[in-house]
Amino acid sequence: METTTINTSAVRSAALKNGIIWGAISIVLFLVIYYIAPELMGSWIGSTITFLVGIGLAVFFCLDLRKHAGGYWNFSQALLNIFIMFLVSTALSYFFTIIFSKYIEPEYAIKMKETMMSSVESTYKSVGLDAAKLDEEMSKMSTELDKTLNPNFSQIIVGFGISATLYFIGALIFAAIFKKERPIFFKTEE
């Protein structure tokens, strides 16, 4: 029986590269939706498109990482490398969005707030929420959206920490799906 180990540095560099590519694709998708189809911003259609593209990229890049690992990796190897890839991708798109809304396109936050407030208000009205309760809920939502769309430094750090935690949970799921243990009696041709 012959045992082989994965080339950790090659897989790690592939995870970093894939994370950067995935982050860049996410940024391009965000910009395309914002400038070409702004009506999709904050809508369920735009969110669904972004989600499906994200899942597709996650599957593609996880399979690519496993290929760089020689086709076999255990759960912990898969988890670490998938999480690195997810974290790099998330960091790029998260911090780009903040920089975009603060410095490049300051009206982005205003547009998003208006879109989300309008959508929630119409939902509340459709379920028959009375006017006093509607005003109270809309006021709360306005305050929360201001924090979300114009975060201060500590809110940025907390927001990224929450995102990283959620992506770690996603990495756990993807590692469980994409791990592939080497067979016990693995023969290599000599």
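What counts and what doesn't
- Residues numbered from 1 in each chain as written.
- Predicted model: local features only at pLDDT ≥ 70, side-chain atom pairs only at ≥ 80, totals over all residues.
- Heavy atoms only, no water.
- Axes fitted to C-alpha atoms, helices over the stretch in contact; angles between N-to-C directions.
- Helix = DSSP H or I, 4+ residues; strand = E, 2+ residues; numbered from the N terminus.
- Left-handed = near helix turned anticlockwise from the far one by under 90°.
- Nonpolar A, V, L, I, M, F, W, Y, C, P; charged D, E, K, R; others polar.
- Salt bridge = Lys/Arg side-chain N within 4 Å of Asp/Glu carboxyl O.
- Buried < 20%, exposed > 50% of the residue type's maximum accessible area, 1.4 Å probe, protein only.
- Contact = heavy atoms within 4.5 Å.
- Phe/Tyr/Trp six-rings, centres within 6.5 Å; stacked < 30°, edge-to-face > 60°.
- Polar contact = N/O pair within 3.5 Å; in protein donor to acceptor, adjacent residues only side chain to side chain.
- Core = buried A, V, L, I, M, F, W, Y, C linked by side-chain atoms within 4.5 Å.

Draft legend 1. Geometry of the packing of helix α1 (residues 8-36) against helix α3 (residues 75-104). Following both chains from N to C, one finds α1 and α3 inclined at 35°, their axes separated by 8 Å at the closest point. In the packing of α1 onto α3, the handedness of the crossing is right-handed. Along the lines of polarity and charge, the residues of the contact of α1 with α3 split into 18 nonpolar, 8 polar and 1 charged.

Draft legend 2. Region of the structure containing the pattern of salt bridges. Evaluation of the coordinates by the stated rule reveals 7 salt bridges. In this structure, E137 and K140 form a salt bridge, with 3.8 Å as the shortest nitrogen-oxygen distance. Taken together, the residues span about one helical turn, with E137 and K140 both in helix α5 (residues 131-149) at a distance of 3 residues. The structure contains a network of salt bridges with shared partners spanning K133, E136, E137 and K140.

Draft legend 3. Quick look at the environment of I20. Along the chain, I20 turns up in helix α1. Overall, the relative accessible area of 47% leaves I20 in the partly exposed class. Separated by 133 residues in the primary sequence, I20 and F153 place their C-alpha atoms 24 Å from one another. Residues within four places of I20 in sequence aside, it is in contact with V88 and L92.

Draft legend 4. View of the environment of I36. By the element assignment, I36 lies in helix α1. By relative accessible area, I36 is classed as exposed at 66%. A C-alpha to C-alpha distance of 47 Å links I36 and R182, two positions 146 residues apart in sequence.

Draft legend 5. Quick look at the packing of aromatic side chains. By the definition in use, this model includes 20 aromatic pairs. When the centroid spacing of 5.3 Å and the interplanar angle of 85° are considered together, the rings of Y34 and F100 count as edge-to-face. A residue pair is termed long-range when its members are at least 10 positions apart, and Y34 in helix α1 and F100 in helix α3 qualify at 66 residues. Of the two residues examined, Y34 and F100, each falls in the buried class.

Draft legend 6. How the structure looks around the side chain of S101. The topology assignment puts S101 in helix α3. Within the structure, the side chain of S101 is placed 3.2 Å from the backbone oxygen of I98, a separation counted as a polar contact. Setting aside anything within four residues of it in sequence, one finds S101 in contact with P106, Y108 and L149.

Draft legend 7. Structural context of the nonpolar core. If you look at the biggest cluster of nonpolar residues, it comprises 23 residues, and the most contacted ones within it are W22, L65, W73, I82, M85, F86 and F174. Those elements giving two or more residues to this core turn out to be α1, α2 (44-68), α3 and α6 (153-178). The biggest single contributor to this core is α3, with 8 residues. Apart from residues lying up to four places away in sequence, W22 is in contact with G54, L57, A58, F61, M85, F86 and S89. Ranked by size, the runner-up nonpolar core spans 19 residues in total, among them I27, F30, I33 and L134.

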